[in-house]
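# Structural characterization, general
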Amino acid sequence: MEKFDIISSRAPRIDTPDKATGKAVFIDDISKPGMLYGALLQSPHAHAKILSIDTSKAEKLEGVKAVITSKDAGSVKYGVSPARYDETVFAIDKVLYVGDEIAAVAAVSLETAQQAVQLIKVEYEILPAVFTVEDALKKEAPQLHENFPNNLCAQVHQEFGNVEEGLKQSDIIKTTTLKNKRQDGACIEMQGCIAEYDVREVLTLITSTQVPHYVQRTVAMVLGLDIGKVRVKKPYLGAGFGIKASANPMELACCILAVKTKKPVKMNYNREQVFMYSRARHQFTHTITTGAKKDGTIIALKHECYLDGGAYTSFGIATVYYTGSLLGGPYKLANMSYDGYRVYNNKPACGAQRGHGAVIARACFEQQLDMIAEEIGMDPMALRIKNMMNTGDTTCNDLNMSSFGMSECIEAVRKGSDWDKKKGNMPKGKGIGMACGFFVSGAGYPIYRSDTFHGTVIVKLTEDGGTALVYTASAEIGQGSDTAFAMIAAETLGIPLENIRLASGDTDMGVDLGAYSSRQTLMTGHATKEAAEHAKQQVLEVLAHKLDIPMEDMDIKKGFIEFKNHIPDFSVLRTRYIKEHRGWTDNPDSEKLTFKEASRIAFLEKGSIVGTGKYKPQLLGGKFKGAAVGTSPAYGCSAQVAQVTVDMETGQVTIDHITDAHDCGKAINMTSVEGQMEGSVSMGIGEAMHEEVIFDDKGRVVNNDLAEYKIVTSMDMPIVNAIVVESNEPNGPYGAKEVGEGAIMPTIPAILNAVYDAAGVRMNELPLTPERVYNAIQVYRKKLSA
Amino acid sequence: MLLPKFEFHEPASIQEAIELKKKYRTDARLLAGGTDLLVHLKKKLITTDHVISLLRIKDLGQIKNNKESVEIGACVTMARLSESKVIQENFCAIKAGADNLGTHLIRNRATLGGNVCNASPAADTICSLIVYQAHALLESTDGKRELPIESFFMSPGKTDIRDNEILTGFKLSIPGKNCGAHYIQLGKRKSSEINIVNVASFIQFDPSDQTIMNSRIALGSVAATPIRSFHAEKILQNKKASESLFYEAGEAARHKDCKPIDDFRGTADYRKAMIGVLTKRTLDAAFKQVQAQ
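This structure is a prediction, so every number in the text was calculated from the model and none was measured.

Moving on, we get to the interface of chain A and chain B. Counting residues at the interface gives 30 residues for chain A and 23 residues for chain B. Between chain A and chain B, a total of about 2400 Å² is buried, with carbon and sulfur atoms accounting for 54% of that surface. By the criterion of area lost to chain B, the three top residues of chain A are A:E649, A:K710 and A:E771, representing 23% of everything that side buries. Across the salt bridge formed by B:R265 and A:E708, the nearest N and O atoms sit 2.2 Å from each other. Where chain A touches chain B, the interface holds 13 residue pairs in polar contact (both at pLDDT 80 or more). Within the residue set of the side of chain A that touches chain B, elements represented by two or more residues are α4 (110-119), β24 (653-663) and α21 (770-785) of chain A. For the side of chain A that touches chain B, the residue count by class is eleven nonpolar, ten polar and nine charged.

Time to look at the packing of helix α19 (residues 670-689) of chain A against helix α20 (residues 747-759) of chain A. Residues and elements named next belong to chain A. Contact geometry of α19 with α20 gives a least axis separation of 8 Å together with a crossing angle of 55 degrees. One way to sum up the angle between α19 and α20 is to call them oblique. For the element pair α19 and α20, the recorded crossing hand is right-handed. In this structure, α19 contributes S680, V681, G684, I685, E687, A688 and M689 to the contact, and α20 contributes T747, I748 and I751. For the contact of α19 with α20, the per-class residue count stands at six nonpolar, three polar and one charged.

Under the criterion given, the structure shown has 60 salt bridges over all chains. The shortest N-O distance in the salt bridge between A:E708 and A:K710 comes to 3.8 Å. Judged by its relative accessible area of 4%, A:K710 falls in the buried class. For B:D284, the salt bridge identified is with B:K288, shortest N-O distance 2.7 Å. Residue B:D284 and its partner B:K288 are located together in helix α11 (residues 268-292), separated by four residues, close to a single helical turn.

Attention now goes to the packing of helix α16 (residues 520-547) of chain A against helix α18 (residues 595-606) of chain A. Residues and elements named next belong to chain A. As a packed pair, α16 and α18 sit with axes 9 Å apart at the nearest point and diverge in direction by 85 degrees. What the angle tells us is that α16 and α18 run roughly perpendicular. Mapping the contact onto sequence places Q538, V539, E541, V542, L543 and K546 in α16 and F595, A598, S599, I601, A602, E605 and K606 in α18. Classifying every residue of the contact of α16 with α18 gives seven nonpolar, two polar and four charged.

Residue and element names in this part refer to chain A. Pairing within the open sheet is antiparallel, and its three strands lie in the order β4-β2-β6. In this open sheet, the two strands that pair with only one neighbour each are β4 (94-95) and β6 (121-126). In the sheet, strand β2 (residues 48-54) pairs with β6 via six bridges, with the strands oriented antiparallel. Paired with A48 across the strands is I126, a residue of β6.

With that out of the way, let us pick up the domain arrangement of chain A. Residues and elements named next belong to chain A. The domains assigned to chain A are domain 1 (16-23 + 452-615), domain 2 (31-127 + 189-238 + 244-277) and domain 3 (283-445 + 622-785). Taking the mean C-alpha position of each, domain 1 and domain 2 sit 41 Å from one another. Of the roughly 1400 Å² buried where domain 1 meets domain 2, counting both sides, 53% is carbon and sulfur surface. A salt bridge links R231 to D508; its shortest N-O distance comes to 3.0 Å. Counting every contact that joins domain 1 to domain 2 gives seven residue pairs in polar contact (both at pLDDT 80 or more). Residue classes in the side of domain 1 that touches domain 2 are distributed as seven nonpolar, three polar and six charged.

The rules behind each value
Residues numbered from 1 in each chain as written. Chains lettered and ligands numbered in written order. Predicted model: local features only at pLDDT ≥ 70, side-chain atom pairs only at ≥ 80, totals over all residues. Heavy atoms only, no water. Contact = heavy atoms within 4.5 Å. Buried area = accessible area lost by both parts, 1.4 Å probe. Salt bridge = Lys/Arg side-chain N within 4 Å of Asp/Glu carboxyl O. Polar contact = N/O pair within 3.5 Å; in protein donor to acceptor, adjacent residues only side chain to side chain. Helix = DSSP H or I, 4+ residues; strand = E, 2+ residues; numbered from the N terminus. Nonpolar A, V, L, I, M, F, W, Y, C, P; charged D, E, K, R; others polar. Axes fitted to C-alpha atoms, helices over the stretch in contact; angles between N-to-C directions. Parallel < 35°, antiparallel > 145°, perpendicular 65-115°, else oblique. Left-handed = near helix turned anticlockwise from the far one by under 90°. Buried < 20%, exposed > 50% of the residue type's maximum accessible area, 1.4 Å probe, protein only. Pairing = 2+ DSSP bridges. Domains from an automatic or database assignment.

The structure is reproduced here in C-alpha cells:
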C-alpha cells in the first residue's frame, strides 16, 4: 500500500482550537449593524382553509418594518426534488399542519416581531385532519394535495429476479414486521439565518445549513433572482444530520424580508419550531419476508413498507426509494421485491436523517437473519459471511461494491467482542447480538437532474510560496470535512498540514452539493485532490523549465522538492528567492530545495498559481425506474456487536458495550473516522431506545423539548470499541469512502438481536422503552407457561 | 425563547423576603434554582409580574446538624445534598433522589425547596422527605409555622403554602439505629429524566428479632401528589423481613394504594406493575442497610 505523510494520521482537526476556546462563530454569534429581527406566524391548526389574513394591526405596531404573507412571497413551488415541489413559502389558501407558515414580520427587536405576529388576524375554516398512515389511506379521508389522490405522495414497485419462485425454493421462510417512531434530528444548534440585500442588489444569506448550494438555488428560484446575485454562506454548525439538508421556509422568509426592508434580518427557530419543521426520520412500517435454504443460503426477500410522510414531500421521494434499494446488499441476493408507499397526513413533513431511508429496513431484515441462523443452528456471523458479496460484485438492483471489507468487519467485531466465547454463554438477563450494514458514499446523482459537477475546488498558492489556500463550497457541519480536505490538499501538494489554510461553506467558492448522503469525503475529496495536483503541476512545470529536469523526475514531499535521480544545482533559484526576501531572517539553508522556494519562483514566472479540481461520478446504476437512488461510486461497510442487560422485572435495557467495525476505505483522519462511528452508535442507540416524537390528537407535538424528547445522554452511552477496517476504494480519493451514515446501520438490529438473546423477546416496535420491553416479557412468559 | 418581562427582587434576608411576599402575594414568584421557574416562564406556562430571588439569603443555603435533627435550608442544591456528610450518613434516600435529579448541571442549581414547591408528583426528593417525616418550615410576617410534609401537597403544582409565606427549609429527625431507607426512580433513560414512577421506603427493625416495627412507603407519579402506601406498610407491620414479604408489600402497593393515569410517559398498568417492583426493591435495599450496620 501507498505510504502517506499526512493521510491516515490522527492530525488534530483544524477547527479544534476555535471550538475548544469558544471562538468558533456560529449563526447565533453573528449580528449586523442595523439588523432587524424576524418572526414567523405559523398555523395553530393541522388542517384549515385560510379565509382571510389581516396584518393591519401588526403593521401599525411601533418598530415593525415589514409584514409579509403569500401576497409578497408569491406562489412559486419549491421543495427538495423537482419531481415533488409541493411547498410555497407561505400557505396560500390552506394550512396542512400545525406549524405551516402563514406570515412573517421584521422588526427592530425580537420582542416587537413576536408581538406583531400575535397581532396578525387569520380567519380559518377548520377542516378534518388525518394523522396516521392508516387514516390517511381510508377512502373518506380528507385529501391534502389535489395532484396526489388518496394521500399517496409516492409509491414504488420493484422486483428483481423472481421472488415468488425464490420463496417456493426456500426451506425456511420468516415474515416479521418492524415499526419505528418519527424522529427529530435533535441538532444541538437550532436553525437560524441572517439575510442581507446590498445596494448592488446582491442577496447574501448566512445560514445554518448543510447545503449552501441547494439553498442558493432554491432562494434564487423562489425570489426570482439570478444565481449570481445570491450568495449563501454557512458559519460553523452545531450539526445537521439531514434536517438542514434543504432550504427551509424561514430562510426564504428571511430573504424576502431583507429584500423588502433593505436591511439585514435575522431569524431563528426555537426548539418548538425545530420540532414543528421536523424533516427528520420517517416513521416506517416494514413487513419483510425472507426465504433461505437449510444451509443458510438466502434466496429471496419480499419487502413492503409504509412511510408516514407528513404534510409535504421534502426528501420523501428519495426516502421511499432508499428504503427499498439499500436492502440489495451486502448479501448475495438474486430475488428481491419492494412495494413502498409514502403517505401524506397533517403532521410536519419527514425528510432525511442519518442512514436515509434504510435504517429501519435494515433493523427488520437483520433480525430475520438471526432467526434463520437460530432455526438452522448456525452462528449468526457464519450465516452472514456465507451469504456475503465479494469485492466487485453488483447487487440485483445494480449497486456495485467496488471495495468491500464487510467480512473483514465481521471478523474484527468477532475478535473485538470476544464473540465466540460469549455467544450462547451469557448469564440470564444479559445478551449479545450483531448485525451488518452498508451505505452510499454520496448519491450518484444531484437532487435536481443535471450534469453538474458535484464539487469544485480551488487551490491557490500564496505569492510568498509558503501557504496553499483551499477554497471549497463544501459544508463542515461538525463531521470534520474541512480537516479531511486540508489533509488531502497537504498530502497531494506534498507540504505540511499547517501550511494549508482552508475556507469552505460559501457558494462564491464554487459548486458543492453539500454535506448529505455521506458524500463530502469521496466527492469533494476528489475535487480537492485534483485541484492540488493541478497547482503542484504548475510549480513543477516552472521548476522543470528552470532546472532543465523532466517533470516526471521530480516530486514534492514534506515541503521539499524530491529529485528522482540526483539533486541538481539549484543555487541560482535559492539566490533569487533570498533576494526576493531581503530583510527576512528565515532564509532557507536546507540541502533540499524547499516547496516555498519553488512555489515563489513559479509565482514570479506565472503570476497567481491556481489549481482547479472538480468531480462527478461516472455513469452509475441500471435503467429501471428509481435506479438512480441508492447508486454511489462506493459503499462503506459496517458490522457491530451489542452487549446488553435486560432488567426482567422492569423491562429496562442497558447497553453495556458496543464493538463497531467500519470499512471506510482509506481513513483520511483516523480520529475523525472513530468520531463518526461513535456518533452513529449514539444516534442509533437513541433511536433504538428512547426517541419518539409524540403528537396529541390535534397534531401538536407533545414532547417538543430535549427534556421530553429523549436523545442519548453521556450516562446512556456505553463504551464503544471502534475498529477502523481499511480497504482501498478504487473510486475514492486515496482510496477513501464514507463513514458518517453506514456506521448507524447495524446499531439498532445489533441491539434488537442482543435483547432477544438476553430476554427471549423479539421486538417489533421501537423505541425499546422499559414499558414496551416489559410488556413483551410478560407475553413471552405467558407463552412459556402455557 | 424569550423570558417575559418582570420586576426582579433580590432580598438579602428572610425578613426582607417575607415583606416582599406580603406586598406582592400571588403577583410574585419565588426563585431558588430556577430550573423549573425559568423554563415555565419561557414556555409561558405561567406569568408573573414579580420574581423574588432567594439566592442572596445565606441562611437558606445551610444544612444545620442539631444532633437529633437536621435543618435543611430551602435553597440547598441537589449537588450540596449529595455531598453532605450528614445527609449521606442519615438520609440516604434523600441522597439517592438528589443524585438522580436531572443532570449534573441541573443538580448544581436545583434546590430542595424548589423541588418541593414545584410539587410535581414525580419529584425526586418528595417521596424521601415523606418517609423521613420531614416538616416544612414556613415563615411570613405573621410568624413561623411548621407543617408535616405529607400534608403539604394539594395537587400537581399546588401546596398548602399561604400567599404571604415563604418556605425556608425542612426539619428532619435523625433516624435511630436499626433504620434503613432507600429511593429508586424509573425513567426511560439514565439521566435527565422525568420519572415514570418513583418510590421511597423506610423501615425500622426490632434489633432483638428482626421484625419490622415501623415502616413508611411513599409512591410518586401515581396520584395527584406523592402518596403513602398504607396497605403495604400494614403488611410489613410486626413481620420478619424476607424477600417474599417485600414482594407481598409491593403487590399491595401496586394493587391497593396507587391510582395512576395513562399519559405519554407510560400507561397506568405499567406504572402499577413498577410500583410493585420498586417497592420491593427499596424495602430490600433498606433491609440490607440495616443488616450491614
